[in-house]
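Observations on chain architecture
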Amino acid sequence: MAAATPAPHRGSGTPDIVVGPLDLAARVDEALAVQAIAFGLGQDEIDVRRHIVLRHLDHPQARALGATTADGRLVGFVYGLPNHRTHWWSTVVEPYLRATGSDDWLDDSFVITELHVHPEFQQRGIGRELITTITDAVGLPRSILSAIDTESPARALYRALGYRDLARQVLFPSAPKPYAVMGAPLPLRRG
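For the structure given in this document, a descriptive report is provided here. Computed from a predicted structure; not experimentally measured.

**Brief notes about the overall build of the protein chain**
Looking only at helices and strands, the protein chain features five helices and seven strands. Shown N-terminal to C-terminal, the secondary structure of the protein chain runs as helices and strands in the order β-α-α-β-β-α-β-α-β-α-β-β. For 191 residues, the compact-globule formula gives about 16 Å, and the C-alpha radius of gyration of the protein chain, at 16 Å, lands near that figure. Across its three principal axes, the protein chain shows a C-alpha extent of roughly 50 × 35 × 35 Å.

**Brief notes about the pattern of salt bridges**
What the rule picks out here adds up to 13 salt bridges. With a closest N to O distance of 2.6 Å, R168 and D149 form a salt bridge. Of this pair, R168 sits in strand β6 (residues 164-170) while D149 sits in the loop between β5 (142-148) and α5 (153-160); the two residues are 19 residues apart in sequence, bridging distant segments of the chain. On the basis of relative accessible area, R168 is assigned to the partly exposed category, the value being 45%. D165 is the partner of R168 in a salt bridge, and the nearest nitrogen-oxygen pair spans 3.8 Å. A network of salt bridges, in which partner residues are shared, links D149, R155, D165 and R168.

**Describing the packing of aromatic side chains**
Going through the model one piece at a time under the given rule, you end up with three aromatic pairs. Taking the centre distance of 5.9 Å and the plane angle of 35 degrees together, the rings of W88 and F172 count as tilted. Of the two residues, W88 is situated in helix α3 (residues 88-99) and F172 in the loop between β6 and β7 (179-185); the sequence distance between them amounts to 84 residues. Ring geometry for F172 versus Y179: centroids 5.2 Å apart, planes at 90 degrees, classification edge-to-face. Judged by relative accessible area, F172 falls into the buried class, the value being 10%. Taken together through their ring pairs, the aromatic side chains of W88, F172 and Y179 make up a single cluster. In this structure, R142 is placed above the aromatic ring of W105, and the distance from its NZ or CZ to the ring centre is 4.9 Å.

**Some details on the nonpolar core**
Of all hydrophobic cores here, the largest spans 27 residues; its most connected members are I112, L130, I131, L145, Y158 and Y163. Of all the secondary-structure elements, those providing two or more residues to this core are β1 (17-21), β2 (63-69), β3 (74-82), β4 (109-117), α4 (126-136), β5, α5 and β7. Residue contacts for L145: discarding those within four places in its chain leaves W89, I112, I131, Y158, Y163, A180, V181 and M182. Judged by nonpolar contacts, the second largest core, of 14 residues, contains W89, L97, V111 and Y179.

**A short note on the environment of L57**
Here L57 is to be found in the loop between α2 (43-56) and β2. Judged by relative accessible area, L57 falls into the partly exposed class, the value being 22%. Between the C-alpha atoms of L57 and R159, which are 102 residues apart in sequence, the distance is 27 Å. Discounting residues that sit within four places of it in the chain, L57 has contacts with L24, A25, A62 and Y79.

What counts as what
- Residues numbered from 1 in each chain as written.
- Predicted model: local features only at pLDDT ≥ 70, side-chain atom pairs only at ≥ 80, totals over all residues.
- Heavy atoms only, no water.
- Helix = DSSP H or I, 4+ residues; strand = E, 2+ residues; numbered from the N terminus.
- Rg over C-alpha atoms; globule rule 2.2 N^0.38 Å.
- Salt bridge = Lys/Arg side-chain N within 4 Å of Asp/Glu carboxyl O.
- Buried < 20%, exposed > 50% of the residue type's maximum accessible area, 1.4 Å probe, protein only.
- Phe/Tyr/Trp six-rings, centres within 6.5 Å; stacked < 30°, edge-to-face > 60°.
- Lys NZ or Arg CZ within 6 Å of the ring centre and 35° of its normal.
- Core = buried A, V, L, I, M, F, W, Y, C linked by side-chain atoms within 4.5 Å.
- Contact = heavy atoms within 4.5 Å.

Structure below.
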């Protein structure tokens, strides 16, 4: 199930932004800086997430895309991998999905592990371009993700793309807020 690497393109509606393949391991600190600003993370959380991102990238089918400015500044990124029920994330969300009759979503799905856009560049279609481009290339029938369980622009975007709530009020260890697990058939909705 080899996935093609998408070619860089300028489809976000922001002509000075290029979305394309990202060597996330090489640019992990830049990506985590974007995530820290977009998500309000402190240095301790960044340090923990750095280890997690690098471990995820060891998976042979992990994929990452970045959104960069003309001068090479990383302003957004997405990464994910095919889900497996033994992954830590799956073991946490599985009981919640089972309770809603949705645990079959853990099979044959591509997990969007992280998707973040720097606040100065949000609301320009960059997040939409990142998530649709990465999922178009995975060769799986569906995608799943988790997002903070509150009404937000991110949740609105996911719904517009065809994601629906599979489970809500999902609690992750050490996360201060509950999450929703969402799933969508692939390809994602356009328009």
